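Breakdown of the fold
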Amino acid sequence: MTTVLSKLRDLSDRTGVPYNHLTRALSGAVVTLFAAKLSYPYVRKYILETEDETVELRTKSKKYTTNEYNNKSCKTHIKITSKPDNDQMLGLEENPNDVLLKIVHHYEDRTLKRDLRSPSERYLTFGPERSNVILAKIEELLVRLLYEIRHLTGFNVDFVIQMIKLIRIMVPNLASREVLLLVMHTISLISRTFLSIYVANLDGQVVKQIVRRDLVQFVTLMSKWLLIAVPATFLNSLIRFLESKLALAFRTRLVKYAYNQYFNNETYYSVSNLDGRLENVDHSLTDDITTFAGHCAHLYSSVTKPLLDVSMILLTLFTMSRQMGSYGMSGPLLGTTIVFCTHLILRKCSPQFGRLVSEEARHKGFLRSVHARVITNAEEIAFYRGGEIEQTVLERAYASLVKQMNVISNQKLWYIMLEQMLMKYLWSATGMVLIAAPIMLTSSKKRVKLLAEENKLEVEGLQAILTTDDISDRTQYMMTAKNILMSSSDALERLLSSYKELIELVGYTNRVSKMFTVFEQVGRGQYKRVNVVKSGSESPQSSSPKLNKSKSELPVIALKNGVPEPKGIVSEGKDFIRLVNVPVVTPNCDVVVPCLSFMITNDMHLLITGPNGCGKSSLFRILAGLWPVFNGILERPHTRDMFYIPQRPYMSIGTLREQLIYPDSVEEMHSKGYTDAYLADILDSVKLKDVVKREGGWDAKADWKDILSGGEKQRLGMARLFYHRPQFALLDECTSAVSIDIEGEMYERAKLFGINLITITHRPSLWKFHTHLLQFDGEGGWRLEPLDATSRLTLKEQKDQLERELSELPSKQQQLQQLCNLLGEDSHLISKVDQQSPCSSRNLSPKVDSSTSAIGNAVTASVEEEYHSLELYDEHQNLIDSTNIKLIEKSITMQTNGHVQFSDNIQVNS
Ligand SMILES: Nc1ncnc2c1ncn2[C@@H]1O[C@H](COP(=O)(O)OP(=O)(O)OP(=O)(O)O)[C@@H](O)[C@H]1O
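Residues numbered from 1 in each chain as written. Predicted model: local features only at pLDDT ≥ 70, side-chain atom pairs only at ≥ 80, totals over all residues. Heavy atoms only, no water.

**A word on helix H8 (residues 177-212)**
Counted only if it meets this: Counting from the N terminus, the helices are the DSSP runs of H or I reaching at least four residues and the strands are the DSSP runs of E reaching at least two. In a helix, the anticipated span is given by 1.5 Å times the number of residues less one.
The end-to-end C-alpha distance of H8 is 52 Å, a good match for the 52 Å that 36 residues give at a rise of 1.5 Å each. Just downstream of H8 lies Arg 213, where phi reads positive at about 60°.

As structure tokens, then:
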């Protein structure tokens, strides 16, 4: 640069063109080139649009001939996969009133005319609306402007929208505490900038006095220097203090908003059970929010302060260089150009830190969730001796995190090298040129003339003073300029490093925005799961499906753009439960029961039975509103009038009292007028009164999940039911670990309280407490009928008796065989077996088969006679068949072993 400037001076001397004109021409050329660079994307865009229009005109003329083909291909496409519309493609179907989203629609529509590639899902549909009209307008204008210059800057406008929405949460209004903190922070930053310039000037003056050997001035300046250290250090500390305060304030706002969303409409359940977009919600709720808030606060100071520093410093340098008699624009212009070019190079070469950091956060979240899983299931894992496999999983999770971190560090290695090269060496060189240029390129005469003009003095008088002070002035200038430039280079370095931070912030902003978007959508009942779309179930099906029809044939879910759409109608506030054509559909869109229609009135107690996985608990989830109703109508009481008790009751963090009254708080308990004595009564009714004394009173705190036994936890679950006394109790095998007598007492008491029982159980002892039976067959079919517990119990007893008798058959047969052998006689129930020469099982089988069949037939005849009228006939038939098979197997074993007589151990086996 110095060479260029001296060449310009040479040129000026040779051609006689004033030097100023040449530097101006050069500056003009640089500015024109820069303007051309800025306008290039617009020109390109214009040319592209013109080309598009031409192509459109050409295709219109061919439209008639290609129309048929287009229709065909389009139909085929829709059949294979329902193509999302533009909104869906952009993930922006929500919040039609959101102004920012409207802007996105507008610009994306224009872009989509040319580029129909589907962008990945975007997370913009969250957050409150801006109530302040002026701020809303500013935000709107900012987004519009950014869209307009998007091609130029390559700015990620989605990030800006996400930031705006997050800022609305973090800084809800102008009168908030956060604004106060921001103002204080800004004032501290501005004060610190002025202080830096003052200190740099002071430094220069001190050196000047050293050169002049002026002791008095030197001491005065040193005192000033020491005094200024007090506010300077305080300001430094204050800036950090305010930054951390700001980060905490932002975090608190975000956490509050997130918790509100998370606990609204049971989102905490749906987000992990019904929606597949968020992998580790706990990590997003804790680490991601914290890091995002910290980055925001830090970025504010690391952008604002350097910007202030740089602008103030440029201004100071400009004034100083004028004082030194230099032509003022070339220095700052050169500095600005170099800085801008450096920024462009760094931006082009920068790796995608945002994406990388977001991926790293995902890996961290996964590692954390694996740890949490081991802690939660420590006992089960220990029983299985599963430490080794868990360790492998943990190591794998850690290895993938390390791999990701290595990718980032490898990318950083080259980037930081480039950054240092440009920012340390190139900038230092530029700084030196900037300092040297005014001194080297300005003649003393010119400087004297300028100063004389400025101070309205005689040139000669001034010349005399300046000659004396010239050296000390130059030294002062050098020192001050060096200090200022060092601060400015430091500021610029921080500014460019904050670009890296900004890219990292993009990653965290996306993660936090994604979390909020998913929370809000899930809260509204809009779920998205990966890999659930099934072909052939695109449209809603209203025809009532036949019972026992194969599940996969029953398209009861309406899909919109590949996402299941809950079309059922739910109405609350009734004193009964009614389902009309409601399907039971799992979150994976498996139809467990295609169509349920029944009514439970307040005089009914319903027992639900059926094989494992037939949908019993799923029905409870639908009744409780946890799973969406995809079709039909569901009428039910308010959820507070329905109380669910699972097989393993949840034990919360808190006192023993809080376990019993869960989910009420102690305040709510008191407001209901309940006392500890009443709670003791309830515990007594479930035979748990001793627990209060044993565990150290109602206020005792412990990890109740581990302290109470399985049966005690279940009894505490029933105690909760007596405390809340809802209209309907949904009991999902909640007494399976309780002894039958206490279980009976608890059911009696529940009925005394007027609670309608809906029980899932496999225990016949509970039948007598119910009036109706809902039976699932495991194939999608079901039957609801009145339950006559007495006759059903008789049938059950008969069935058990028959089972016992049939299980004795093999031993009876063996005894008969032995007697026949002893007597040397045949029996009409056993065909004679050749006991002398053992044959192969293959040869023997038909004989054994016929003998056992004979027994089987005899038994069948008697059973048929006795129980033909009973519905259990089929089960008996199966039992007989299986007994026959067992007998065949045992006979084969005997013959293969070469034993003539049935040995004892075979009898034991049988
Ligand atoms: N969160 C879930 N995500 C996906 N599928 C699920 C989920 N919960 C249950 N299912 C599926 O729904 C079906 C019915 O489950 P459900 O828990 O209702 O069975 P169940 O009749 O209560 O069985 P059990 O008697 O064993 O408790 C099962 O096939 C199960 O795999």
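**Some points on the packing of aromatic side chains**
Given two aromatic rings, one states the distance between the centres and the angle between the planes to describe the pair. To keep it simple, the criterion reads: Two rings belonging to Phe, Tyr or Trp (six-membered ring only in the last case) form a pair when the distance between their centres is within 6.5 Å. Interplanar angles under 30 degrees mark stacking, angles over 60 mark edge-to-face geometry, and anything in between is tilted. When accessible area is computed with a 1.4 Å probe and restricted to protein chains, residues below 20% of their type maximum are described as buried, those above 50% as exposed, and intermediate ones as partly exposed. Consider the ring centre and the ring normal. A charge sits over the ring if Lys NZ or Arg CZ is within 6 Å of that centre and within 35 degrees of that normal.
By the definition in use, this model includes 13 aromatic pairs. With centroids separated by 5.2 Å and ring planes inclined at 75°, the aromatic side chains of Tyr 262 and Phe 263 adopt a geometry described as edge-to-face. Accessibility expressed as a relative area gives 51% for Phe 263, which makes it exposed. Grouped by ring-pair contacts, the aromatic residues Tyr 262, Phe 263, Tyr 268 and Phe 519 constitute a single cluster. The lysine or arginine in question, Lys 165, covers the ring of Phe 126, its NZ or CZ lying 5.9 Å from the ring centre. In this structure, Arg 749 is placed above the aromatic ring of Phe 722, and the distance from its NZ or CZ to the ring centre is 5.8 Å.

**Here's the deal with the site of the ligand**
Note the threshold: Nearness here has a simple test: a residue counts as near a molecule or strand if at least one of its heavy atoms is within 4 Å of that partner. In the analysis that follows, any N or O atom pair within 3.5 Å is treated as a polar contact, provided that within protein one partner can donate a hydrogen and the other can accept it, and provided that, for residues neighboring in sequence, both atoms belong to side chains. Using a 1.4 Å probe, the Shrake-Rupley method yields the accessible areas, and only the shown protein chains count as cover for residues.
Taken together, 14 residues form the shell around the ligand, and within it Gly 613, Gly 615, Lys 616, Ser 617 and Ser 618 come nearest. Within the backbone of Gly 613, a nitrogen or oxygen atom sits 2.8 Å from an oxygen atom of the ligand. Taking Ser 618, its side chain carries an N or O atom lying 2.4 Å from an oxygen atom of the ligand. Protein coverage of the free-state accessible area of the ligand, which is 640 Å², stands at 66%.

**Structural notes on the packing of H8 against helix H9 (residues 215-262)**
Stated formally: Under this scheme, a helix contributes an axis fitted over its contacting stretch, all axes are lines through C-alpha atoms, and angles between N-to-C directions fall in the 0 to 180 degree range. These descriptions rest on fixed angle ranges, namely under 35 degrees for roughly parallel, over 145 for roughly antiparallel, 65 to 115 for roughly perpendicular, and the rest for oblique. Helix crossings get a hand from a simple test, with the near helix turned counterclockwise from the far one by less than a right angle marking a left-handed crossing and a clockwise turn marking a right-handed one.
For the pair H8 and H9, the least separation of the axes is 8 Å and the interaxial angle reads 155°. As the angle between them shows, H8 and H9 are arranged roughly antiparallel. For the pair H8 and H9, the sense of crossing is left-handed.

**Concerning the pattern of salt bridges**
Stated precisely, the cut-off is as follows: Here, a salt bridge means any side-chain nitrogen of Lys or Arg that lies within 4 Å of a carboxyl oxygen of Asp or Glu.
For the structure shown, the criterion picks out 25 salt bridges. One network of salt bridges, in which partners are shared, links Lys 137, Glu 140 and Arg 144.

**So, the UniProt feature "coiled-coil region" (unreviewed entry) in the chain**
How we decide: UniProt positions are given in the numbering used here, feature names are shortened, and annotations may be inferred rather than shown by experiment.
Here the UniProt feature "coiled-coil region" (unreviewed entry) sits at residues 792-819. Here residues 792-819 is 100% helix and 0% strand, with 40 Å between the C-alpha atoms at its ends.

**Concerning a nonpolar patch on the surface**
Note the threshold: What goes into a patch is any residue over 30% in relative accessible area without a salt bridge, connected to like charges within 9 Å or, for nonpolar side chains (Val, Leu, Ile, Met, Phe, Trp, Tyr), within 5 Å.
On the surface, Leu 413, Trp 414, Met 417 and Met 421 cluster together to form a nonpolar patch covering roughly 480 Å² of accessible area. Examined against the element boundaries, Met 417 turns out to sit in helix H15 (residues 387-441).

**Points about the nonpolar core**
Grouped burial of nonpolar side chains is what soluble globular proteins tend to show. The criterion, for reference: Side-chain atoms within 4.5 Å link the members of a nonpolar core, which is a set of buried Ala, Val, Leu, Ile, Met, Phe, Trp, Tyr and Cys residues. In this entry, domain limits derive from an automatic or database-based domain assignment.
Within the largest apolar cluster, 84 residues are counted, with the highest numbers of intra-cluster contacts made by Phe 292 and Phe 516. With 10 residues, the top contributor of residues to this core is H9. When residues of this core are sorted by domain, at least three fall in each of domain 2 (156-523) and domain 3 (603-626 + 639-788). Counting residues in each nonpolar core, the second largest holds 38 residues, with Leu 708, Met 718, Leu 721 and Leu 757 among its members.

**A look at the pairing of strand E6 (residues 606-609)**
Spelled out, the test is: Paired strands, as defined in this entry, are two strands with at least two bridges between them according to DSSP.
Neither face of E6 is open: one carries Leu 606 and Ile 608, the other Leu 607 and Thr 609, and all of them are buried. Pairing geometry for E6 and strand E11 (residues 772-776), over four bridges, is parallel. Across the sheet, the residue bridging to Thr 609 is Gln 775, located in E11.

**Quick word on the sheet that holds strand E12 (residues 782-786)**
In space, the six strands of this open sheet follow the order E8-E9-E10-E6-E11-E12, with mixed pairing throughout. If you trace the sheet from one side to the other, it starts and ends with strand E8 (642-645) and E12, each paired once. Strand-to-strand twist of the sheet, defined as the mean angle between neighbouring strand axes without regard to direction, takes the value 15°. Bridging between E8 and strand E9 (residues 728-732) involves four bridges; their strand directions are parallel. Note on E9: the bridge partner recorded for Ile 645 is Leu 731.

**A word on the packing of helix H5 (residues 133-148) against helix H7 (residues 157-170)**
As a reminder of what qualifies: The contact rule is simple, with two residues in contact once any of their heavy atoms fall within 4.5 Å. In this classification, Asp, Glu, Lys and Arg are treated as charged, Ala, Val, Leu, Ile, Met, Phe, Trp, Tyr, Cys and Pro as nonpolar, and every other residue, Gly included, as polar.
Look at H5 against H7: their axes get within 10 Å of each other, and the N-to-C directions meet at 165°. What the angle tells us is that H5 and H7 run roughly antiparallel. Crossing of H5 over H7 shows right-handed handedness. The segment H5 lies against H7, with Glu 139, Leu 142, Val 143, Leu 146 and Tyr 147 engaging Val 157, Asp 158, Val 160, Ile 161, Ile 164 and Arg 168. Looking at the contact of H5 with H7 residue by residue, the classes come out as eight nonpolar, no polar and three charged.

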